[in-house]
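Given next are the chains, with one letter for each unit.
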Amino acid sequence: MKVEPSLYSRVRERQVLLKAWRVIKANAERSGNKQSRLDAQQFEENLFANIENIQRRLQKKTFKFKPALGVAIPKGKGKVGKRAIIVAPVSDRVVQRAILDVLYRHCGSGDLQAALRTPTSVGGVPGRGIGHALALIEKAEDVGARYFIRSDIRDFFPSFPKANVIEQLRKALDDGDFVDLFESAINVELSNRAQLGPDAELFPLGADGVAQGSPLSVLAGNLLLKDFDAELNRRDVVCVRYIDDFLILAKSGKAAGKALEAGRSILKNLNLEAYDPQSAPHKAEAGPINGGFDFLGYRVVRGLNPPSALAREKLLGKISEQIAEGKKWVNQSLSDGQPRTKRTQCYIQTLSQIDDTLRGWAGAYQYSRSVQSFVDLDRRIDEMILSFETWFDRAVHGYEADRYRRALGVRLLSDTAPVDLPSVDM
């Protein structure tokens, strides 16, 4: 009789780890964080040795998740406070992703698998995403939904009750080593806690809380909210959830309101809370569907679904910041005349960065049919790029060829610093 490999042993399989690596690499390439891209490039330089090292440590059960880098970033225009983002070492991210893939593919049937594959849960689920959310909204309208309530769960990641999910996994899986690995993977330690100062308090370093930015945090969230999903999709109500953002669709405002109260009651038992549209209109919204509403970066209007006004504003703001950074480096290259052996964000790099941003943004809003929204944005972006080009032409006017090229962002071979020959034995 053939014995199936344990979940733990599947995590360390070469093909599982390589598949996980490809996802991590793709995410790093799309990341706006330079260090993340550099870390992924360095990992790939010795890819197979690094994968074998992970395999060996998992086999010996000596793999330890390292302290991660904590990054506190502002929540965005008009929002107070900062968001705590965890950037784990590449090897840790590979193992985390492998754990996620193994859970989704091999944990069998039953309550656990049903919770992971709830049809109306579209965040962090392989093969699903924002497109599925928009399709579910249209389907709900087709069967009579006319009213919506949009909200999200307050401080979801910092307040996350980890013990609840670990208990679920121990009951559902006969694989203690795997659950122990999962538990270690969602615990958070910081490598730069002292440098963060007061911002260190934003990070989930205690018994509760999981890392925002980790795929396992999203998976854990889907397990934690399985009862929430089930209750809010009963009778004639549909609740579409993307991690901690959720949208209730119902035939009447009264039905939607009752569903929200039922959901808030479930969340209260988990020591969590959802925003109410009346008391927190900046975080939640309610009204008739045909008036349109914002959800997951889109302005949901059937047949159009343009990017929301906030999403468009953020895009233009990001490009403006990239141009400002480019101008700073161009000015520095022109003023100091120093050789540049490391890549800096001068003129060409700024245009390339803008292109990367636009390609990523276009992918995120590929479900929009509002062509005019894109035309209007392109017109604004054209003006910004033309203004940058004009500024650059004036800035470099009259400078020697070497400073011009450094400001342009093209490497000068003459900037190469000579290196002494290594000592050799005869």
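Presented here is an overview of the structure given in this document. Values in this document were obtained by computation on a predicted structure and should not be read as measured data. (Residues numbered from 1 in each chain as written. Predicted model: local features only at pLDDT ≥ 70, side-chain atom pairs only at ≥ 80, totals over all residues. Heavy atoms only, no water.)

### A word on the overall build of the protein chain
Looking only at helices and strands, the protein chain features 17 helices and eight strands. Reported as C-alpha extents along the three principal axes, the dimensions of the protein chain are approximately 75 × 60 × 45 Å. When the 426 residues of the protein chain are sorted by exposure, 44% land in the buried category. Counted over contacts in the protein chain with a minimum sequence separation of 6, partners at least 24 positions apart contribute 68%. Summed over all atoms, the accessible surface of the protein chain reaches about 23,200 Å², with 50% contributed by carbon and sulfur. The positive charge centre, built from 63 side chains, and the negative charge centre, built from 53, are 2 Å apart in the protein chain. (Helix = DSSP H or I, 4+ residues; strand = E, 2+ residues; numbered from the N terminus. Buried < 20%, exposed > 50% of the residue type's maximum accessible area, 1.4 Å probe, protein only. Contact = heavy atoms within 4.5 Å. Areas by Shrake-Rupley, 256 points an atom, 1.4 Å probe, with all protein chains shown as cover. Lys, Arg positive; Asp, Glu negative; His and termini not counted. Charge placed at Lys NZ, Arg CZ, Asp CG, Glu CD.)

### Things to note about the pairing of strand 4 (residues 238-242)
When strand 4 meets strand 5 (residues 245-250), the two strands line up antiparallel, connected through five bridges. The residue of strand 5 that forms the bridge with Val 240 is Leu 247. The hairpin turn running from strand 4 into strand 5, its antiparallel successor, is two residues long, and Ile 243 in that turn takes a positive phi close to 60°. (Pairing = 2+ DSSP bridges.)

### Quick notes on helix 9 (residues 176-186)
The set of residues buried in helix 9 consists of Phe 178, Val 179, Leu 181, Phe 182, Ala 185 and Ile 186. Angularly, the buried residues of helix 9 cover 155° about the axis, an arc narrow enough to put them on a single face. Taken together, the buried residues of helix 9 touch helix 1 (7-11), helix 4 (47-59), helix 5 (90-106), helix 8 (162-172) and helix 11 (215-224). (Arc of directions from axis to C-beta.)

### Things to note about unusual backbone geometry
Even without a glycine there, the phi angle at Ile 243 is positive, about 60°. Mapped onto the fold, Ile 243 is located in the loop between strand 4 and strand 5. You will see that Asn 305, though not glycine, has its phi angle at about 45°, which is positive. Within the secondary structure layout, Asn 305 lies in the loop between strand 8 (298-300) and helix 14 (309-336).

### Observations concerning the packing of aromatic side chains
Aromatic rings considered in pairs are described by the distance between their centres and by the relative angle of their planes. Summed over the entire model, instances satisfying the criterion amount to 13 aromatic pairs. Seen from their ring centres, Trp 21 and Phe 43 are 5.0 Å apart, and the 35° between their planes marks the pair as tilted. In this pair, Trp 21 sits in helix 2 (residues 14-30) while Phe 43 sits in helix 3 (residues 34-45), placing the two residues 22 residues apart along the sequence. Here Trp 21 falls in the buried class, since its relative accessible area comes to 3%. Seen in terms of ring centroids, Phe 156 and Phe 160 are 5.6 Å apart; in terms of plane orientation they differ by 75°. Their pairing is edge-to-face. Residue classification places Phe 156 among the buried positions, given a relative accessible area of 2%. Residue Phe 160 is classed as buried on the basis of its relative accessible area of 0%. (Phe/Tyr/Trp six-rings, centres within 6.5 Å; stacked < 30°, edge-to-face > 60°.)

### A short note on empty space enclosed by the protein
Inspection of the entire model under this criterion finds one cavity of 30 Å³ or more. Leu 134, Ile 137, Glu 138, Glu 141, Val 300, Arg 302 and Asn 305 are the residues that line the largest cavity. By residue number, the principal contributor to the lining of the largest cavity is helix 7 (residues 130-142), which donates four residues. Residues belonging to the lining of the largest cavity are distributed by class as follows: three nonpolar, one polar and three charged. (1 Å grid on protein atoms, 1.4 Å probe; cavity = no way out; pocket = protein on both sides within 12 Å on 5 of 7 lines; lining within 4 Å. Points joined across faces, edges and corners; volume = space filled by probe spheres on them. Nonpolar A, V, L, I, M, F, W, Y, C, P; charged D, E, K, R; others polar.)

### Some details on the side chain of Arg 57
Counting through the fold element by element, Arg 57 comes out in helix 4. Asp 92 provides the closest opposite charge to the buried, unpaired Arg 57, separated from it by 6.0 Å. Other than its neighbours up to four places away in sequence, Arg 57 contacts Thr 62, Phe 63, Lys 64 and Ser 91. (Salt bridge = Lys/Arg side-chain N within 4 Å of Asp/Glu carboxyl O.)

### Here's the deal with the packing of helix 3 against helix 4
For any two helices packed against each other, the geometry is given by the interaxial angle and the distance between the axes. The interhelical angle for the contact between helix 3 and helix 4, taken along N-to-C directions, is 90°, at an axis separation of 5 Å. Classified by the interaxial angle, the pair formed by helix 3 and helix 4 is roughly perpendicular. Here helix 3 contributes Gln 42, Phe 43, Glu 44 and Glu 45 to the contact with helix 4, which in turn contributes Leu 47, Asn 50, Ile 51 and Ile 54. Classifying every residue of the contact of helix 3 with helix 4 by side-chain character gives four nonpolar, two polar and two charged. (Axes fitted to C-alpha atoms, helices over the stretch in contact; angles between N-to-C directions. Parallel < 35°, antiparallel > 145°, perpendicular 65-115°, else oblique.)

### Regarding the pattern of salt bridges
Following the criterion strictly, the structure yields 23 salt bridges and no others. In this structure, the salt-bridge partner of Glu 183 is Arg 170, at a minimum N-O distance of 3.1 Å. Note that Glu 183 is positioned in helix 9 and Arg 170 in helix 8, a separation of 13 residues in sequence. With a relative accessible area of 31%, Glu 183 lands in the partly exposed category. For Arg 264, the salt bridge goes to Glu 261, with nearest N and O atoms at 3.9 Å. Within this pair, Arg 264 and its partner Glu 261 are both found in helix 13 (residues 253-269), separated by three residues, close to a single helical turn.

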